[in-house]
Amino acid sequence: MIELQPVKGTRDFFPEQMRLRNWLFEVWRSVALQFGFEEYDACILEHAELYTRKAGDEITQQLYNFKDKGARELSLRPEVTPSLARMVLRHQKALSFPLKWFTIAQCFRYERMTKGRRREHFQWNADIIGQPSEVAEAEVLCMLLMACKKMGLTSQHIRIYLNDRRILNAILEQLAIPQSQHLNIMIVMDKRDKVPPDVFATLLQEQKMSLDQVHKLVETLSLGSMQQLADRLGECEGMTRLQQVMQLVDAAGLGDYLQFDVSIVRGLSYYTGMVFEVNDTSKSQRAICGGGRYDSLLSSYGGETIPAVGFGFGDVVIADTLAEYGKLPEFSRSLDYMVVPFSMDQMGAALRISNRLRDIGKRVECDMSLKKVKKALQKADELGVQQVLMLFPDELAAGEVVLRNMETREQTNIKLEELMIEES
Ligand code: HAM
């Protein structure tokens, strides 16, 4: 017997799981289109160099990378933002900015498998490229909240926890830590919730921080309110900008969802401004969605500096969250009609009637089993059929079929032409 399990961390989608996936994608796609975003896609295979960054991002160590037969260093994409940057740089001259683009991308990361983390996942990504103003931040936040609301989640269930990388820079500057060390320290700071305090302190010391600096950093990070931190930092661009973003989202009527959180750092080194994560109100799981502003990713690939902001919203944690809150929709099958012949003689007519109904947009199962009425009705029930058309020989000869309403169990004889006219 061959190995029946899928590759560790990857997923089989049986029809039942596919219904959830399609529903989720449909919410994402419809919301993005409502906000005027355009869909794009790229190949799942990319040049590995797109993901190699100096700051020691975890993602770089999680690549599914290999050499192809032409000795090219390739990788399955762990995220889609680098592909987006590559595509924008490729057609930069022909594009009119700002771009508002979205995609639903399958991604692969060789992760340690914990709750909410798989080696294969899908991400809804939405990014605004070429808009430096904080209106872009506000728009992407409003959009992802619209999607959450469509799924039945309110501010009682979830929050957007926000911070700004420049606030973190200001904190590190106050501790007299040179700029050149900030990024590496931030990558460690992102691990704060995931490791014990003593390990956190050791990791920071490995990044050339003194014990005194570590203590002061931990103390600053535990300041409760945005105001307390603002008072301590004084003039700080990140703080001002973040407050503006929060005011805009509040003016859009969604302020209840926002919460400043200095512990939000994000593990990707390319963020330069606002950073955020969506989580449930008790922060009991991994992030549902994460993103931020990344104004220098495109220039780091050798292009011009083009400001950008966006997010990735995964399909794994949101499904767990919806299940925990009892918000997963019922995904029952449903068909408008089942057409039932009882012998091969009626099969041609059954196929013709089915196709005619499909022509006018109906979902139709043409039953091929040639079973008895009872069995056919049982099957119709299982398939979620609303109406059954039974092709008995005598009725059919008279140009009629028997129509059974599966809900009321009423049966009526109906002329074939009538059925088609009624429907068209
Ligand atoms: P990220 O935080 O690495 O950001 O991933 C975004 C989201 O994808 C996460 O919040 C989570 O929902 C989901 N996700 C990530 N890794 C896994 C995994 N192993 N298993 C299941 N779900 C996962 C990015 O990828 C950025 N490129 C997002 C972005 C777009 N920033 C700006 N634009």
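Each remark here, short or long, concerns the structure printed above.
As the structure is a computational prediction, the values presented were derived from the model and not from experiment. (Residues numbered from 1 in each chain as written. Predicted model: local features only at pLDDT ≥ 70, side-chain atom pairs only at ≥ 80, totals over all residues. Heavy atoms only, no water.)

Peer 1: Hey, could you run me through the overall build of the protein chain in this one?
Peer 2: Counting its secondary structure elements, the protein chain contains 16 helices and 16 strands. Relative to a compact globule of 424 residues, whose C-alpha radius of gyration would be 22 Å, the protein chain shows 28 Å and is clearly more extended. For the C-alpha atoms alone, the extent of the protein chain along its principal axes is close to 95 × 55 × 45 Å. Within the protein chain, the proportion of its 424 residues that are buried is 50%. Within the protein chain, contacts between residues at least 6 apart in sequence are counted, and of these 67% link residues at least 24 apart. In the form shown here, the protein chain has an accessible surface area of approximately 21000 Å², with 50% of it arising from carbon and sulfur atoms. The distance from the centre of the 52 positive side-chain charges to the centre of the 58 negative ones in the protein chain is 4 Å. (Helix = DSSP H or I, 4+ residues; strand = E, 2+ residues; numbered from the N terminus. Rg over C-alpha atoms; globule rule 2.2 N^0.38 Å. Buried < 20%, exposed > 50% of the residue type's maximum accessible area, 1.4 Å probe, protein only. Contact = heavy atoms within 4.5 Å. Areas by Shrake-Rupley, 256 points an atom, 1.4 Å probe, with all protein chains shown as cover. Lys, Arg positive; Asp, Glu negative; His and termini not counted. Charge placed at Lys NZ, Arg CZ, Asp CG, Glu CD.)

Peer 1: What's the story with the environment of Glu26 in this structure? I'm lost.
Peer 2: If you trace the backbone, Glu26 turns up in helix H1 (residues 15-34). Residue Glu26 is classed as partly exposed on the basis of its relative accessible area, which comes to 47%. Residues Glu26 and Leu74 lie 48 residues apart in sequence; the distance between their C-alpha atoms is 31 Å.

Peer 1: I tried to follow the site of the ligand on my own but got confused; where do I start?
Peer 2: In the vicinity of the ligand lie 26 residues, with Glu79, Thr81, Arg118, Asp127 and Tyr271 positioned nearest. Between the ligand and the protein, one listed contact pairs a nitrogen atom with a side-chain N or O atom of Glu79 at 2.5 Å. At 3.4 Å, a backbone N or O of Ala287 approaches an oxygen atom of the ligand. For the ligand, the accessible surface in isolation is 650 Å², of which the surrounding protein chains cover 97%. Its residues assigned to classes, the shell around the ligand shows 9 nonpolar, 10 polar and 7 charged. (Near = heavy atom within 4 Å. Polar contact = N/O pair within 3.5 Å; in protein donor to acceptor, adjacent residues only side chain to side chain. Nonpolar A, V, L, I, M, F, W, Y, C, P; charged D, E, K, R; others polar.)

Peer 1: Sorry, what's going on with the packing of aromatic side chains here?
Peer 2: Under the counting rule described, the total for this entry stands at 15 aromatic pairs. Aromatic pair Trp28 and Trp124: ring centres 5.9 Å apart, planes at 15°, arrangement stacked. Taken together, the positions of Trp28 in helix H1 and Trp124 in strand E6 (residues 120-129) put the pair 96 residues apart, joining distant regions of the chain. Taken as a pair, Trp28 and Trp124 share a single burial class, namely buried. On the numbers, 6.5 Å between centres and 85° between planes, the contact of Tyr271 with Tyr294 is edge-to-face. Of the two residues, Tyr271 sits in the loop between strand E8 (258-260) and strand E9 (274-280) while Tyr294 sits in the loop between strand E10 (289-293) and helix H11 (297-300), which places them 23 residues apart along the sequence. Pair check on accessibility: Tyr271 and Tyr294 agree, each one buried. The structure contains a cluster of three or more aromatic residues connected by ring pairs, namely Phe13, Phe25, Trp28, Phe122, Trp124, Phe311 and Phe313. The ring of Phe13 has Arg21 sitting right over it, with the charged end atom 4.5 Å from the ring centre. (Phe/Tyr/Trp six-rings, centres within 6.5 Å; stacked < 30°, edge-to-face > 60°. Lys NZ or Arg CZ within 6 Å of the ring centre and 35° of its normal.)

Peer 1: Sorry if this is basic, but what is going on with helix H3 (residues 81-90) here?
Peer 2: Three- or four-residue spacings in an α-helix give side chains the same orientation, since the helix completes a turn every 3.6 residues. Burial of H3 is extensive: 7 of the 10 residues sit out of reach of the surface. Listed in full, the buried residues belonging to H3 are Thr81, Pro82, Ser83, Leu84, Ala85, Met87 and Val88. Those residues of H3 hidden inside the fold are in contact with strand E2 (45-47), strand E5 (99-108), E6 and H11.

Peer 1: Looking at this structure, how should I read the sheet that holds strand E15 (residues 400-405)?
Peer 2: Sheet strands line up and pair through hydrogen bonds in the backbone, either parallel or antiparallel. Reading across from one edge, E13-E12-E14-E15-E16 is the order of the 5 strands in this open sheet, with mixed pairing throughout. Whereas interior strands pair on both sides, the edge strands pair on one side only; in this sheet they are strand E13 (364-366) and strand E16 (411-415). Here the strands of the sheet are splayed against their neighbours by 25° on average, with no regard to which way each runs. Two elements, E15 and E16, share 5 bridges in a ladder whose sense is antiparallel. Its bridge partner being in E16, Glu400 is matched across the sheet by Lys415. Contacts from helix H14 (residues 373-383) reach strand E12 (335-341), E13, strand E14 (385-391) and E15, with the element oriented near 160° to E12. (Pairing = 2+ DSSP bridges. Axes fitted to C-alpha atoms, helices over the stretch in contact; angles between N-to-C directions.)

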